[in-house]
Amino acid sequence: MSETQDLFAGSPSILRMPSWLGPGVHEERELPFELGDYKVTPGERWTVTALKTGETVYSGIGPVEVIKA
């Protein structure tokens, strides 16, 4: 059964970020790693870094959060 579950498994995490459409509207993007595999750094430009690869997966306006899918 684990092969079937893996076949239909979704993304483990979701990046939730603000939208240019206005307050209270968010955009979401699926992320390939688990929740704890990302570092969110607030600032003038918020960044989200994948700790396993060192890749910056987001750099822009905040606030942003990584949530469990």
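Residues numbered from 1 in each chain as written. Predicted model: local features only at pLDDT ≥ 70, side-chain atom pairs only at ≥ 80, totals over all residues. Heavy atoms only, no water.

## A look at the overall build of the protein
Turning to step 1, where the next piece is worked out: Along its length, the protein carries one helix and six strands.
Turning to step 2, where the next piece is worked out: Starting at the N terminus and ending at the C terminus, the protein contains elements arranged as α-β-β-β-β-β-β.
Turning to step 3, where the next piece is worked out: A burial count over the protein gives 28% of its 69 residues as buried.
Turning to step 4, where the next piece is worked out: Long-range contacts, defined here as pairs at least 24 residues apart, represent 35% of the contacts in the protein between residues at least 6 apart.
Turning to step 5, where the next piece is worked out: Approximately 5,000 Å² of the protein is accessible, and the part contributed by carbon and sulfur atoms is 55%. (Helix = DSSP H or I, 4+ residues; strand = E, 2+ residues; numbered from the N terminus. Buried < 20%, exposed > 50% of the residue type's maximum accessible area, 1.4 Å probe, protein only. Contact = heavy atoms within 4.5 Å. Areas by Shrake-Rupley, 256 points an atom, 1.4 Å probe, with all protein chains shown as cover.)

## Focus: the packing of aromatic side chains
Turning to step 1, where the next piece is worked out: For the coordinates displayed, the defined rule picks out one aromatic pair.
Turning to step 2, where the next piece is worked out: Look at Phe 33 and Tyr 38: their rings are 6.0 Å apart centre to centre, the planes differ by 35°, and that puts the pair in the tilted class. (Phe/Tyr/Trp six-rings, centres within 6.5 Å; stacked < 30°, edge-to-face > 60°.)

## Focus: unusual backbone geometry
Turning to step 1, where the next piece is worked out: Residue Pro 63 is reached from Gly 62 by a cis peptide bond, and omega for that bond is 0°.
Turning to step 2, where the next piece is worked out: Tracing the sequence through the fold places Pro 63 in the loop between strand 5 (56-60) and strand 6 (65-68).

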